[in-house]
Amino acid sequence: MKMRRHTKAAALVAASAVLATALGSLGSASAQSGPATRLCTWGGTPANPTGIVTFEPGITDTPSAGPIAVYASGRLEGEGCKGTMIFDGIARSGASCESPPIFEGPVYGVPGVTRLFGSGWGPQVQEFLYDRQGNVVGADQPTLKVEGNSAPNSNSLDCNTPQGFRRAPFSSTVELY
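Just so it is clear, the structure is predicted and the values come from calculations on it, not from any experiment.

Caption draft 1: Region of the structure containing the pattern of salt bridges. For the coordinates displayed, the defined rule picks out two salt bridges. One salt bridge connects R166 with E56, and the closest N-O pair in it is separated by 2.5 Å. A residue pair is termed long-range when its members are at least 10 positions apart, and R166 in strand β11 (residues 165-176) and E56 in strand β4 (residues 51-59) qualify at 110 residues. A salt bridge links E104 to R92, with the nearest nitrogen and oxygen atoms 2.7 Å apart. Taken together, the positions of E104 in strand β7 (residues 102-108) and R92 in the loop between β6 (84-91) and β7 put the pair twelve residues apart, joining distant regions of the chain. Given a relative accessible area of 34%, R92 falls into the partly exposed group.

Caption draft 2: Quick peek at the pairing of β6. In this sheet, β6 lies alongside strand β5 (residues 68-77) in antiparallel orientation, the contact comprising eight bridges. Across the sheet, residue V70 finds its bridge partner in β6, namely G89. Hairpin remark: β5 followed by β6, antiparallel, with six residues in the connecting loop; positive phi at G78, about 130°. Of the pairings in the sheet, the one linking β6 to β7 comprises four bridges and is antiparallel in character. Note that in β7 the partner of I86 across the bridge is Y108.

Caption draft 3: Representation of the state of the cysteines. Counting across every chain of the model gives two disulfides. Here C40 is linked by a disulfide to C81, with a sulfur-sulfur distance of 1.7 Å. Of this pair, C40 sits in strand β1 (residues 38-42) while C81 is found in the loop between β5 and β6, placing the two residues 41 residues apart along the sequence. When its relative accessible area of 7% is taken as the criterion, C81 is described as buried. Through a disulfide, C97 is tied to C159; the S-S separation comes to 1.9 Å. Residues C97 and C159 are joined by a disulfide whose S-S torsion is about -75°; by sign, that bridge is left-handed. Of this pair, C97 sits in the loop between β6 and β7 while C159 sits in the loop between β10 (136-144) and β11, and the two are 62 residues apart along the sequence. For the protein chain, numbering the cysteines in disulfides from first to last along the sequence yields the connectivity 1-2, 3-4.

Calculation rules
- Residues numbered from 1 in each chain as written.
- Predicted model: local features only at pLDDT ≥ 70, side-chain atom pairs only at ≥ 80, totals over all residues.
- Heavy atoms only, no water.
- Salt bridge = Lys/Arg side-chain N within 4 Å of Asp/Glu carboxyl O.
- Helix = DSSP H or I, 4+ residues; strand = E, 2+ residues; numbered from the N terminus.
- Buried < 20%, exposed > 50% of the residue type's maximum accessible area, 1.4 Å probe, protein only.
- Pairing = 2+ DSSP bridges.
- Disulfide = S-S within 2.5 Å.

Dropping the structure here:
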């Protein structure tokens, strides 16, 4: 009887060791084979923004009665990032220079990314990137250059005009998971 208990205990210890080893190797295998986060630039850098975003009609101080068409395009660069990233969506109704617009719509030119959704305040925006199934697969943080003297055709004072704020250079960091 003593021998049987000892054998069972030894078998349990051995099984535990095998299980721990198997789980440990699964964990390290998935850590090694999992996708890495990539950081890219979209539309240049803050010091040299080369992306262009347009708003039609322009964004004014008065909340919009309907959606505003938004088109943003710029080079996507960095390790594993190349080509042109395009957002061709909208700012939802109620968008104005005084309140944070909510942006949504399709994204083109980035494999695995089909849509974006996010809001912004002032010259900064925080958007999440989604795949076809609706999973978050990245994020981007565009910064608009809005001072009229340093950015032609871009002036935040245009918010006070009937035409509104219609165009600005931008740059962004894009993080792809």
